[in-house]
Amino acid sequence: MAKCPKCLTDLAGSASRCTACGFSMGSSTDETAVLSADPQGDTPTRLESPPKRNSTRPATTGGSGRFVSGTVLAGRYRIVGLIGKGGMGEVYKADDLELDQTVALKFLPDELSKNEEFLRRFRGEVRIARQVSHRNVCRVFDIGETEGLYYITMEYIDGDDLSMLLRRIGRLPSDKAVEISREICMGLAAIHKAGILHRDLKPANIIIDSNGEARITDFGIAGAEADVQGNESLVGTPAYMSPEQIDGKEVTQRSDVYSLGLLLYEIFTGKQAFQGDSVQELQIKQTTTNAKNPSEIVSGIDPLVERVIKQCLEKDPTLRPETALKVAMSLPGGDPLQTALDAGQTPSPEMVAAAPKKGALSPRVALGLFSGVVACFAFLVYFSDPVKVNRWLPLEKSPDVLLERAKSITKRLGYPDPPADSAYDFDSFRFYSSYVRRNQQSDSEEGWVNSVDWRERLRTGQPEEISFWYRQSPSLFSRYGDTQVDYHHPSAEGTSGMVRIRTDLRGRLMEFTAVPPQIEKEPPRRDPTDWAAVFDEAGLEIGNYSTTEPRWTPWTYADERVAWEGSLVDHRDIPVRIEAAGYQGKPVWFKVIKPWEPPYRELAGLPIASSVSIGLTIFVTAVVCVLIAGIFVARHNYKMGRADTKSAFKLLVFVVVVSLLPRLLIDPNFSSTVFTLRFIREAVAEAVFAGVTTWIAYLAIEPFIRKHRPALSVAWIRLLSGAWRDPLVGRDILIGGLIGLLHTVTIYFLTLNSKGVLFSNTTLFSGWRGILGQVGEILAFPIFIMSLTYLLIIILMVVFRRRWPAIAVLWLLHFIVLAFIFFGTFRVQTFVGAALIAVITIIPAVRFGMLAFVAYYVFFLLTNSFPLTTDTSVFYFNATAFCGIVIIGLAAFGFYTSRAGQPIFAYKKGIEPVIENV
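Not measured: the values here are computed from a predicted model. (Residues numbered from 1 in each chain as written. Predicted model: local features only at pLDDT ≥ 70, side-chain atom pairs only at ≥ 80, totals over all residues. Heavy atoms only, no water.)

Draft legend 1. Geometry of the overall build of the protein. Helices and strands together make up the secondary structure of the protein, namely 28 helices and 22 strands. Long-range pairs, those at least 24 residues apart, make up 68% of the contacts in the protein with a sequence separation of at least 6. As displayed, the protein has an accessible area near 40400 Å², and 56% of this comes from carbon and sulfur atoms. (Helix = DSSP H or I, 4+ residues; strand = E, 2+ residues; numbered from the N terminus. Contact = heavy atoms within 4.5 Å. Areas by Shrake-Rupley, 256 points an atom, 1.4 Å probe, with all protein chains shown as cover.)

Draft legend 2. Molecular detail of helix α23 (residues 727–754). With 28 residues, α23 extends 41 Å between its outermost C-alpha atoms, agreeing within 8% with the 40 Å of an ideal straight helix rising 1.5 Å per residue. Most of α23 is tucked away, with 24 of its 28 residues classed as buried. Two or three places before Leu 728, at the start of α23, stands the capping residue Asp 726, its side-chain oxygen 2.9 Å from that residue's backbone nitrogen. One or two steps after α23, the chain reaches Lys 755, where phi turns positive at roughly 55 degrees. (Expected span 1.5 Å × (residues − 1). Buried < 20%, exposed > 50% of the residue type's maximum accessible area, 1.4 Å probe, protein only. Polar contact = N/O pair within 3.5 Å; in protein donor to acceptor, adjacent residues only side chain to side chain.)

Draft legend 3. Structural detail: the pairing of strand β16 (residues 466–473). Of all eight residues making up β16, eight are buried, and the element is well covered by its neighbours. Residues of β16 alternate between two faces, with Ile 466, Phe 468, Tyr 470 and Gln 472 on one and Ser 467, Trp 469, Arg 471 and Ser 473 on the opposite face, all of them buried. Of the pairings in the sheet, the one linking strand β15 (residues 421–428) to β16 comprises eight bridges and is antiparallel in character. Bridging from a neighbouring strand, Phe 426 pairs with Phe 468 of β16. Bridge count between β16 and strand β17 (residues 499–503): five bridges; the pairing is antiparallel. Following the sheet pairing, Trp 469 is matched in β17 by Arg 502. (Pairing = 2+ DSSP bridges.)

Draft legend 4. Quick peek at the sheet that holds strand β9 (residues 159–161). Sheet architecture is open: three strands sit in the order β9-β11-β12, paired in antiparallel fashion. Across the chains shown, the open sheet's two edge strands, defined by having one partner strand only, are β9 and β12 (214–216). Neighbour-to-neighbour, the strand axes of this sheet turn through a mean angle of 30 degrees, independent of strand direction. Against the sheet, helix α4 (residues 174–193) engages β11 (206–209) and β12, with an angle of about 30 degrees to β12. (Axes fitted to C-alpha atoms, helices over the stretch in contact; angles between N-to-C directions.)

Draft legend 5. Spatial organisation of the pattern of salt bridges. Inspection of the entire model under this criterion finds 32 salt bridges. With its nearest N and O atoms 2.9 Å apart, the salt bridge here joins Asp 96 to Arg 76. With Asp 96 in strand β5 (residues 89–96) and Arg 76 in the loop between β3 (72–73) and β4 (77–86), this residue pair connects regions lying 20 residues apart in the sequence. According to the relative accessible area criterion, Asp 96 is buried, its value standing at 3%. (Salt bridge = Lys/Arg side-chain N within 4 Å of Asp/Glu carboxyl O.)

Draft legend 6. Looking closely at the side chain of Arg 215. Relative to the helices and strands, Arg 215 resides in strand β12. Residue classification places Arg 215 among the buried positions, given a relative accessible area of 9%. There is a polar contact of 2.8 Å between the side chain of Arg 215 and the backbone oxygen of Arg 135. A distance of 3.4 Å separates polar atoms of two side chains, one belonging to Arg 215 and the other to Asp 209. Setting aside anything within four residues of it in sequence, one finds Arg 215 in contact with Arg 135, Asn 136, Val 137, Glu 155, Ile 157, Asn 205, Ile 206, Ile 207 and Asp 209.

Draft legend 7. Spatial organisation of empty space enclosed by the protein. For the structure on display, the rule yields six cavities of 30 Å³ or more. When its volume is computed, the second largest cavity comes out at roughly 150 Å³. Listing elements by their share of the lining of the second largest cavity, those giving two or more residues are α16 (431–441), β16, β18 (509–514) and β22 (586–593). When its residues are assigned to classes, the lining of the second largest cavity shows eight nonpolar, one polar and nine charged. (1 Å grid on protein atoms, 1.4 Å probe; cavity = no way out; pocket = protein on both sides within 12 Å on 5 of 7 lines; lining within 4 Å. Points joined across faces, edges and corners; volume = space filled by probe spheres on them. Nonpolar A, V, L, I, M, F, W, Y, C, P; charged D, E, K, R; others polar.)

Draft legend 8. Fine view of a nonpolar patch on the surface. Nonpolar side chains collect at one region of the surface, where Val 620, Val 624, Ile 628, Ile 631 and Phe 632 lie side by side and expose about 480 Å² of accessible area between them. Here Phe 632 shows up in helix α19 (residues 610–639). Judged by its relative accessible area of 59%, Phe 632 falls in the exposed class. (Patch = residues over 30% accessible without salt bridge, like charges linked within 9 Å, V, L, I, M, F, W, Y side chains within 5 Å.)

Draft legend 9. Structural detail: the nonpolar core. Residues Ile 701, Trp 716, Tyr 790 and Phe 866 are the most contacted members of the largest nonpolar core, which totals 94 residues. For this core, the element with the most residues is helix α24 (residues 768–800), which contributes 14 residues. Those residues in contact with Ile 701 that lie beyond four places of it in its chain are Met 786, Ser 787, Tyr 790, Leu 791, Ile 794 and Met 850. (Core = buried A, V, L, I, M, F, W, Y, C linked by side-chain atoms within 4.5 Å.)

Draft legend 10. Fine view of the environment of Pro 595. Along the chain, Pro 595 turns up in the loop between β22 and α18 (600–603). Taking the C-alpha atoms as reference, Pro 595 lies 8.6 Å from Tyr 432; in sequence the two are 163 residues apart.

Draft legend 11. Up close: the environment of Ala 194. Structurally, Ala 194 is set in the loop between α4 and β10 (196–197). Residues Ala 194 and Ala 129 lie 65 residues apart in sequence; the distance between their C-alpha atoms is 9.3 Å. When sequence neighbours within four positions are dropped, the list of residues in contact with Ala 194 reads Gln 131 and Val 132.

Draft legend 12. Structural detail: the packing of aromatic side chains. What the rule picks out here adds up to 34 aromatic pairs. Summarising the aromatic geometry, the rings of Trp 531 and Trp 564 are spaced 6.0 Å apart at their centres and angled 65 degrees between planes, so their arrangement reads as edge-to-face. Placement of the pair is Trp 531 in helix α17 (residues 531–537) and Trp 564 in strand β20 (residues 560–568), with a sequence separation of 33 residues. The exposure class assigned to Trp 531 is buried, which follows from its relative accessible area of 7%. A ring pair is formed by Phe 853 and Tyr 857, whose centres lie 5.6 Å apart and whose planes are at 50 degrees; its orientation type is tilted. A residue pair is termed a helical-turn pair when its members lie 3 or 4 positions apart in one helix, as Phe 853 and Tyr 857 do in helix α27 (residues 850–865) at four residues. Accessibility assignment for this pair places Phe 853 and Tyr 857 in one class, buried. Grouped by ring-pair contacts, the aromatic residues Tyr 424, Phe 426, Phe 468, Phe 765, Phe 875 and Tyr 876 constitute a single cluster. Note that Lys 586 overlies the ring of Tyr 415, its terminal NZ or CZ placed 4.2 Å from the centroid. (Phe/Tyr/Trp six-rings, centres within 6.5 Å; stacked < 30°, edge-to-face > 60°. Lys NZ or Arg CZ within 6 Å of the ring centre and 35° of its normal.)

Rendered as structure tokens:
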């Protein structure tokens, strides 16, 4: 027997009204209607209105319903009272006895519980609603059944529905209206993100909770976008339906956007956009007329709000905003970037670049940062004398002078023929300093090790930490896998007639190798070699050295071997061994062997300390693992359409170009077509590898940063988009550059304290060719390191699921690498310095962002690798001048742009400085 859905009284089979409570079974006062199709076709011609329902309004508990207060259902839910009822069911407030929390229970009426179509819709509501989790959407928990009655358990929201609120106060204040509208947009965006169309967006389905926040409820007629076409789309509330929904045409997210526009219209004006005495009249108005402008109803309404509403109410769906998220971003007073984040969306690069123009520094802060850059650079230049190794060395002869000296030695030793190919440069092996510091710690019995400050000996030229080398060949160098000639490549056992020389910085010979002919054209001769002449080129007096048995074999074939023992030139307390070899009366090998010189061929390369080996192993392993992970992450981002491929391509091209630049400037020997093609192939391959690696890492990191920490990428994206004069760009360059200089200043203090020296890149002593080549590397390397660093941070955050543990592990990895590789000794000072520098290194990345990190590395590499000096007379002062021009120039640019036009010493009227992230 049928029961009254209100009081559960048994009804006669054909009864239309309950005799107990008077509830009318045919009530049609609800505003929700179902459009049915004409029997003769698919065009909707009439509207059928089901009984009134108000399932979303958490009104005062009580009233007459199926269950009385105190009833326990399913052994778990205790009814508190009825809070709403409608055609799709009754909603009760209840206590969940198992979880001890208040919930809402929505029941289907008896007749609908037996209707398979409505039961299908009921299950679909639960299935659909559970896909959405957002603070502006009412959460649905589960579906249950008791005594043949189906119900939904959902979040209980203490508040009023928006329709009641609007009836009570007319319309919302402007600020609150914008806030509520934005929250509704965010909730609707979350629903759409799950692939769901709500289709019944109206004031009665919006609850304003006790905190004043809007919550979207009632998924009774919602459905997946693909499932609500055709006749299924003819369900909704006529006053809030889109024209295409009324006409039974294709329904999309823009249909909900139209309903959203009607809802916003009512929020800001307190009036419905369309009103009529009948459903048919509403239908005609929705499809053929335009709503009155909101400004005609409410004076002083924000023009931006009116424009947004009118865009939402366009009859043509293609003219409406694409998404509810775009509507939220268009509302006044909001941050589009934060709006996207609140909606759980990944903001596009354009959205990040268009974020509010915040970040301008106050003039005093900008001036303080700029002054800090100038002061730090001045400090570094001033203290370069005791710190930089070039100030301890007799760098008095320019590369051109040393080159002529090397050529003169070559001719005097019996090789006067003009070469077809040659190369030269400075070089640094640092064997002497490593040997001394290692033996000082082990209390060596060699008296000369601790007799004087080891750095003082460098002033004479030998011991040499930096030397000059020259090579020549009767034919073009056969470089094979080498893209650049150096002292050891190509091998000394190469072309007959090839000569190589190493001198100290005063031009005194230290090492000589010449390759004899492979075929003897004349009978062998045993002419004695004039070793006194060779000693003279080395600045030695042969009479001061005693002959001994040779022990070192020469690099090339020889028919004569000799050796001497004595002391190092300039330092009589340091023993040396001189080995030499000749062929047919001409020297083919000569070498002054110091105590710290390793036997290269036996070591199969340069010796590496165990601590450095550990650090290198950790570093290389981490880089390889990070790159492998980056490939998969980049592929995923690309497939999901999240990657900023345009910016990634720009970086790829930039890194390739600046990576090629050093090779083209440092080694521009294109006298052979074969070599030119080989050189281009190898140089391009290396540059492309660097570019592609950066490209992959950027595709992996950028979408993650843009979604979870977009503030770190705003300045970077603006720079790539061409907005290089943006205040954020200037601010990050200024801050990052200052941190980079502080990094170098910290190293200076550690070096001064340890009585060590810092080595500059020897290529920079070669003049403008070497300087410009080094700048190419300085520009490419920071971008590569930035990409790898952020990729590592992302991996660590995925592993630890929290930001601070990931940052702690990042610091630990930096600490280990710095302590073992760059310091290389197990001392307290080493670990303290490594810990401090590791902190400085990660601050720009985790606090200020991508551009600040790149600026930090550029400023650090410039001051750390360039030979700085206060002596304007030295031949390499141009490197100091170039470094200063770049650093001060970039800092001045940052200072100028970061102020956003504010005057330095007085504020302009109406301009208030914004200090952010400082």
